[in-house]
Amino acid sequence: MLEISELRKRFAGGPDAPGGKVALDGISFAVRPGEMFGFVGANGAGKTTTMRIVMGVLQADSGSVSWQGKRLDYDVRRRFGYMPEERGLYQKMRVAEQIEYFGRLHGLSPAAAKKATDDLLERLGVAERRNDAVQALSLGNQQRVQLAVALVHDPEVLVLDEPFSGLDPIAVDALATALQERCRGGVPVIFSSHQLELVERLCDSVGIVAAGRMVATGTVADLRAEEGNTLRVVVRDPAPGWADGLPGTVTVSGDRHVLRTAGGDDQEVLRRAMKAGHVEHFGVEQSTLTEIFKEAVA
Amino acid sequence: MNGLMLVARREIVTQLRTKAFVIGLIITALLTAVISFAPRFMSGPDSYTLGTVNSQQLPLQAAAPQATFEWRSFPDEAAAKQAVLAGDVDAVLVNGTKVLTDGEIDAQLGVLMQSVNREVRLGAVGVSIPALQMESVGADTRYESARTGIAWVLTVVLFMLLFGQAVVVAMGVVEEKGSRIVEILLSSLRPWQLLGGKIVGLGVLGLINLATVIVAGFAGATASGIAADFPPGMPGLVAGVLVWFVLGYAFFATLSAAFASLVSRQEEVNSVLTPLTMVMMATYFVAIYAVNDPTGTLATVLSYVPPFSSMIMPVRMAASEVPMWQTGLSMAAMALALLAVLAFGAKVYERAVLRTGARVKLGDVLRAR
Ligand SMILES: Nc1ncnc2c1ncn2[C@@H]1O[C@H](COP(=O)(O)OP(=O)(O)OP(=O)(O)O)[C@@H](O)[C@H]1O
Ligand SMILES: [Mg+2]
């Protein structure tokens, strides 16, 4: 299990903010092996700061990060795969050489690094660019190379900061598949993203950060349950005042009345609606992650 | 292979593959070879064309074995005058009593002809004069001009390589910091491995350059024949130069990397390196001074003071004779200074290289934590 507990980080402020800026205010969460964890939050919420602390490129003021019960140190982190928010590659180095180089730095033998590189280039759809300099690639393709760099050494843990931004739908699928495969192999994957539908589709669990605190964590289903589901009833041409006394709100469009309610006795609602008019729709509406997110950070 | 070596290897392979490096190497080699030929054109052995009118040739060759003399004879003074004015001959001996020249006679030739003439006349009347034995009781100055030449070339080459490689190190550090590769690199390498690998790799390239210069210089000098004038102890000098280069390079490159890690953009490299550049320029100027006055107080004192010693001492070694213990003492001082700089550089680099954005203040880095 990858455990992040009570991370705090304050950045030194400039002349306008003498007290400094609190980026993390005691953030805690855990990711199990084989779990895909979606890390969401508004801009400036603290996602990148958290991930940089996990990878050791930034020091927390307090708090700890541990993997399988051991506090992270250099040797453990070396087996992690990391994709930073600000992409970085040697622009003049060739694609395949670059991926191999990072594989070697992570401790692969030359042969293993070469094999892993070939596999990844194939899988991420950049095999034909293997001998081009990175700077000759489009941004999206550079991003695929960046991902290959994070994946080349078959990491034990994956920490990816906005890995999907800038990718076309086909590349998104290729990456999603690659990540799911690693997950199935028991690797915990944390990735941040602003594409909430994607997070909802891929992730086993989600953490929502706001202002340096974790405001909600759990599976999307858990979060929905917490949020409470909305009952939506559409009645055509009901008697006026039919919903008086029921919880929720009614909106009227033409001769259709739509009742949205969270909580209350759904059977009672159904009886009242059937008495009032023709019931066209009666069902529980699942809130999307976007709705949950907006609710949570509000 | 450990991380440091992998980093070093990448630096070497990347540079070796660039056209700029290969072309630079070829140009340096050619330039050095040409320079080692130059003295031959500038002060080759003297050669004179002389004429006679109604006179015996003087036995000049015996008196000046290095010079070459070519004799021509003219039927009369008028023909001789014409040849002198046309520049065909340097001087013509007429009737064994006067010498015709165009303008004043070459001083050396004049003295030579006078004294040989006197000797011949005296010899004719049975007086023989034994030649004077020359003996120097001061320093051995036979090799002075060769030593000065070598010291000159050495100063320029050492300066170019030390300075050039230090700047390349700085640019590499900023490339990695500015493009944020350093974030990924430092999740699999320790800062000292990344820093050390870069310095070692670019240092090996510097040594390749230096070796090329040395080989080209010796090849040129051997081909042109001036190698014969080289002082004894050349292998020791070469070894000394290599060691000094390694010490000086490691010193300057480490500082250069540390300063460069404070900034995130290539445009800022120049200004952040200014203090270091000034020290290097000062070293260079003192080295030039030491070429001409290798035994003077300034050169002697500064040849013990790091980092000046990294250039001054090899120049002193080339330009004059330096006892072994002095070299050893100076090297030990430099090695100590290098250790201090390595500790300082590694600390600054480690603390500054992940702080992207605005230029990091050195004071902040040293104060932090
Ligand atoms: N080097 C820094 N110096 C000062 N403040 C910083 C620094 N890095 C981050 N911050 C501040 O810390 C807070 C959290 O930033 P962080 O980059 O972690 O947000 P994020 O959740 O990744 O946002 P985004 O979705 O925009 O990527 C922000 O208010 C940011 O301004
Ligand atoms: Mg971010």
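On a predicted model such as this, the values are computed, not experimentally measured, just so you know.

Chemist: Please clarify how the overall build of chain A should be interpreted in this entry.
Modeler: From N to C terminus, chain A includes 10 helices and 14 strands. Against the globule reference of 19 Å for 298 residues, chain A gives a C-alpha radius of gyration of 24 Å, more extended than a compact globule. Once the C-alpha set of chain A is aligned to its principal axes, its extents read approximately 75 × 50 × 40 Å. Considering chain A as a whole, with its 298 residues, one finds that 48% of them fall into the buried category. Contacts in chain A between residues far apart in sequence, at least 24 positions, make up 68% of those at least 6 positions apart. A total of about 13700 Å² of accessible surface is found on chain A, and carbon and sulfur atoms cover 48% of it. Of the side-chain charges in chain A, 35 are positive and 40 negative, and the distance between the mean point of each set is 4 Å.

Chemist: Looking at this model, I keep getting lost on the interface of chain B and chain A. Mind explaining?
Modeler: Interface size is often expressed as the accessible area that is lost when the parts come together. Chain B puts 21 residues into the contact, and the matching count from chain A is 24 residues. Of all residues in chain B, Arg10, Glu183 and Ile184 of chain B give up the largest surface area on contact with chain A, accounting jointly for 27% of the area buried on that side. Here chain B is connected to chain A by three salt bridges. Among the salt bridges present, the one from Glu97 of chain A reaches Arg17 of chain B, with a minimum N-O distance of 3.0 Å. At the boundary of chain B and chain A, one finds seven residue pairs in polar contact (both at pLDDT 80 or more).

Chemist: Just to check I follow, could you spell out the pattern of salt bridges for this structure?
Modeler: When charged atoms on two side chains of opposite charge get close, those side chains can pair. Applying the stated criterion across every chain yields a total of 31 salt bridges over all chains. For Lys198 of chain B, the salt bridge goes to Glu176 of chain B, with nearest N and O atoms at 3.4 Å. One end of the pair, Lys198 of chain B, is in helix α8 (residues 191-224); the other, Glu176 of chain B, is in helix α6 (residues 144-178), with 22 residues separating them in the sequence. With respect to burial, Lys198 of chain B and Glu176 of chain B carry one shared label: buried. One salt-bridge network, in which partners are shared between bridges, spans Glu6, Arg8, Asp25 and Arg213 of chain A.

Chemist: Is there a simple way to think about the sheet that holds strand β6 (residues 80-83) of chain A in this case?
Modeler: Note on sheets: strands pair through backbone hydrogen bonds, and any given pair is parallel or antiparallel. All names here are of chain A. Spatial ordering of the open sheet is given by β6-β7-β8-β3-β9-β10, a layout of six strands whose pairing is mixed. Two strands close off the open sheet at either side, each with one partner strand: β6 and β10 (213-218). Pairs of neighbouring strands in the sheet enclose a mean axial angle of 15°, with direction left out of account. In terms of strand pairing, strand β3 (residues 36-41) meets strand β8 (residues 189-192) through four bridges, oriented parallel. Residue pairing for β8: Gly38 is matched across the bridge by Phe191.

Chemist: Hey, could you run me through the site of ligand 1 in this one?
Modeler: Residues and elements named next belong to chain A. Contacts to ligand 1 come from 14 residues, most closely from Lys21, Lys47, Thr48, Thr49 and Glu85. Take Lys47: an N or O atom from its side chain is 2.7 Å from an oxygen atom of ligand 1. Protein coverage of the free-state accessible area of ligand 1, which is 640 Å², stands at 67%. Those elements that place two or more of their residues in the shell around ligand 1 are β2 (21-31) and α1 (47-54).

Chemist: Before we go on, may I ask you to explain the coordination of the magnesium ion (ligand 2) in this structure?
Modeler: In an ideal tetrahedron of four donors about a metal, each angle is 109.5 degrees. In an ideal octahedron of six donors, the angles are 90 or 180 degrees. Residue and element names in this part refer to chain A. Looking at the metal site, the magnesium ion (ligand 2) is ligated by Thr48 (OG1) and Glu85 (OE), spaced 1.9 to 2.2 Å from it. Of the two residues, Thr48 sits in helix α1 while Glu85 sits in the loop between β6 and α3 (95-105), which places them 37 residues apart along the sequence. Judged by its relative accessible area of 17%, Thr48 falls in the buried class.

Chemist: For this particular structure, what's the right way to read unusual backbone geometry?
Modeler: The bulk of non-glycine residues show a negative phi, and the bulk of peptide bonds are trans. Across the junction of Pro306 of chain B and Pro307 of chain B, the peptide omega takes the value -5°, indicating a cis bond. Structurally, the position occupied by Pro307 of chain B is in the loop between α11 (297-302) and α12 (309-319). Phi is positive for Glu162 of chain A, close to 50°, though the residue is something other than glycine. Within the secondary structure, Glu162 of chain A sits in the loop between β7 (157-161) and α6 (169-184). Unlike most non-glycine residues, Asn54 of chain B shows phi in positive territory, near 55°. Examined against the element boundaries, Asn54 of chain B turns out to sit in the loop between β1 (47-53) and α3 (60-63). Taking relative accessible area as the criterion, Asn54 of chain B reaches 63% and is therefore assigned exposed.

Chemist: When you look at the domain arrangement of chain B in this model, what are you seeing that I'm missing?
Modeler: According to the domain assignment, chain B contains domain 1 (3-39 + 140-367) and domain 2 (47-124). Domain 1 of chain B and domain 2 of chain B are separated by 54 Å when their C-alpha centres are compared.

Parameters at a glance
- Residues numbered from 1 in each chain as written.
- Chains lettered and ligands numbered in written order.
- Predicted model: local features only at pLDDT ≥ 70, side-chain atom pairs only at ≥ 80, totals over all residues.
- Heavy atoms only, no water.
- Helix = DSSP H or I, 4+ residues; strand = E, 2+ residues; numbered from the N terminus.
- Rg over C-alpha atoms; globule rule 2.2 N^0.38 Å.
- Buried < 20%, exposed > 50% of the residue type's maximum accessible area, 1.4 Å probe, protein only.
- Contact = heavy atoms within 4.5 Å.
- Areas by Shrake-Rupley, 256 points an atom, 1.4 Å probe, with all protein chains shown as cover.
- Lys, Arg positive; Asp, Glu negative; His and termini not counted.
- Charge placed at Lys NZ, Arg CZ, Asp CG, Glu CD.
- Buried area = accessible area lost by both parts, 1.4 Å probe.
- Salt bridge = Lys/Arg side-chain N within 4 Å of Asp/Glu carboxyl O.
- Polar contact = N/O pair within 3.5 Å; in protein donor to acceptor, adjacent residues only side chain to side chain.
- Pairing = 2+ DSSP bridges.
- Axes fitted to C-alpha atoms, helices over the stretch in contact; angles between N-to-C directions.
- Near = heavy atom within 4 Å.
- Donors = N, O, S within 2.8 Å, 3.2 Å for Na, K, Ca; no water.
- Domains from an automatic or database assignment.

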